[in-house]
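Chain by chain, the residues:
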Amino acid sequence: MISTTMKNGCIIGLGEVLWDMLPEGRKIGGAPANFAWHMAQFGYDARAVSAVGHDADGEEILRNFSERGLQADLARVDYPTGRVEVTLDSEGIPQYEIRTNVAWDHIPYTDTLRETARSARCICFGSLAQRSEESRRTIAAFLDDTPKEALRVFDINLRQQFYDREVVIQSLHRCNILKINDEEALIVARMLGIDSEDICEIAERLRRDYDLQATILTCGSRGSHVFHAGGRSDLTTPKVEVADTVGAGDSFTAGFCAAWLHGCDVATAHARGVAVSAYVCTCEGATPHLPEELTRFE
């Protein structure tokens, strides 16, 4: 299992924070911020690290985080706060149109952030915020400054054209947990020259090749799998009435990490990730309040 000795360290969602412009109205999003929100609901010292603009959108994000009690280190930069146009298909599956050259493309690495990195217990990051050179440098420096025993979760989140082979490889070398879905697994396999169409084989190959402690593979309604040194865990996806699936993967990652940091075994952590994700799918938007039965550990 991953070390659980860093009991007092903070939990970091590092990368994009933005407005999801949903059919029912706008909601705050960004995978790392969603992750931090859910980890905070489990009682961890969690915070979102990103950047917002000197504009009304940025002010409202800061106010929203403050009102909800979510800690955040959001730099104010001379670029507009990020927005994403979200459309949903008939099954509630989102499609994204992501604006470029926005605030979270320019996250600065400050002395304060360096100190945060040195006390971090768990960091969740993805590929999207690494589309720009400045934020890519900040994310790499942050990860390099974290304690050796910290969880470094690469929730890959391939979006549109905003990723490349170098970013994926460098991120795999810096993480110790990979979270990937079935479609992304096939893309990464082709990118890295893995000659397989079997997504489970690909996930296990990535775990071995990059010496990961776990690879989490989600397959939507077709279930999920966790590959680790001791074997694998396989679970079906609960049947629920889906409002939308925005943020479902982020909440899965948070549920899994929250349980593992608590000291749960892989199977238990996997089950908690599945349960949290299923609940979030019944709600509109990525960051609903979770019921106590999902955030409590016996």
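Since the structure is predicted, the reported quantities are computational estimates derived from the model, not experimental observations. (Residues numbered from 1 in each chain as written. Predicted model: local features only at pLDDT ≥ 70, side-chain atom pairs only at ≥ 80, totals over all residues. Heavy atoms only, no water.)

With that settled, consider the overall build of the protein chain. Helix and strand counts for the protein chain stand at ten helices and 13 strands. The C-alpha atoms of the protein chain give 17 Å as radius of gyration, which agrees with the globular expectation for 298 residues (19 Å, within 12%). Over its C-alpha atoms, taken along the principal directions, the protein chain stretches across nearly 50 × 40 × 40 Å. Among the 298 residues that make up the protein chain, the fraction classed as buried is 59%. (Helix = DSSP H or I, 4+ residues; strand = E, 2+ residues; numbered from the N terminus. Rg over C-alpha atoms; globule rule 2.2 N^0.38 Å. Buried < 20%, exposed > 50% of the residue type's maximum accessible area, 1.4 Å probe, protein only.)

It is worth spelling out the pattern of salt bridges at this point. One pass over the full model with this rule turns up 18 salt bridges. Across the pair D57 and R83 runs a salt bridge, and its minimum N-O distance is 2.9 Å. Taken together, the residues span a long stretch of sequence, with D57 in helix α2 (residues 56–68) and R83 in strand β6 (residues 82–88) at a distance of 26 residues. Note that R114 and D111 form a salt bridge whose closest N and O atoms lie 2.9 Å from each other. Of the two residues, R114 and D111 both sit in helix α3 (residues 111–118), three residues apart, roughly one turn of that helix. Three or more residues joined by partner-sharing salt bridges are found here, namely R26, D57, E60 and R83. (Salt bridge = Lys/Arg side-chain N within 4 Å of Asp/Glu carboxyl O.)

The nine strands lie next to each other as β5-β4-β1-β8-β9-β10-β11-β12-β13, forming an open sheet whose pairing is mixed. In the strand order of this sheet, the two ends are held by β5 (71–77) and β13 (231–235), each with one partner. This sheet shows a mean twist of 15 degrees between the axes of neighbouring strands, independent of strand direction. Looking at chain direction, strand β12 (residues 224–228) and β13 are connected through five bridges and run antiparallel. Its bridge partner lying in β13, S224 is registered against L235. Across the sheet, helix α5 (residues 165–174) touches β8 (120–125), β9 (151–155) and β10 (177–181), and the angle it forms with β9 is around 155 degrees. (Pairing = 2+ DSSP bridges. Axes fitted to C-alpha atoms, helices over the stretch in contact; angles between N-to-C directions. Contact = heavy atoms within 4.5 Å.)

Here we come to the nonpolar core. The biggest cluster of nonpolar side chains holds 51 residues, and the ones touching the most others in it are L192, L206 and L217. Beyond its immediate chain neighbours, meaning those up to four positions away, L192 contacts R165, I169, L172, L206 and Y210. In this structure, A214, I216, C264 and A269 belong to the second largest nonpolar core, which totals 31 residues. (Core = buried A, V, L, I, M, F, W, Y, C linked by side-chain atoms within 4.5 Å.)

Ordered by their spatial adjacency, four strands build an open sheet running β3-β2-β6-β7, and the pairing between neighbours is mixed. At either end of the open sheet lies a strand with only one pairing partner, and these are β3 (25–29) and β7 (94–98). Here the average twist between neighbouring strands, direction ignored, is 30 degrees. In the sheet, strand β2 (residues 18–22) pairs with β6 via four bridges, with the strands oriented parallel. Within β6, the position partnered with M21 by the bridge is E85.

Attention now moves to the confidence of the model for the protein chain. Per-residue pLDDT for the protein chain has a mean of 93; in total, 97% of the residues score no lower than 70. Across residues 1–5, confidence stays below pLDDT 50; counting only partners more than four residues off in sequence or on other chains, it has 16 contacts. (pLDDT = per-residue confidence, 0-100.)

Considering the arrangement of structural elements, one finds R272 in helix α9 (residues 266–281). Look at R272 and you get buried, because its relative accessible area is 17%. Leaving out residues up to four positions away in the same chain, R272 has contacts with F42, G255, A259, E293, L294, T295, R296 and F297.

Of all five residues making up β9, five are buried, and the element is well covered by its neighbours. Taking every second residue as pointing to the same face, both faces of β9 are buried, with L151, V153 and D155 on one and R152 and F154 on the other. Of the pairings in the sheet, the one linking β8 to β9 comprises four bridges and is parallel in character. Among the inter-strand pairings, C122 is bridged to a residue of β9, identified as L151. In this region the chain leaves β8, passes through helix α4 (residues 133–145) and returns to the parallel neighbour β9; the handedness of that crossover is right-handed. Relative to β10, β9 is paired through three bridges, and the arrangement is parallel. What sits directly across from D155, in β10, is K179. (Right-handed = clockwise from strand over helix to strand, strands pointing away.)

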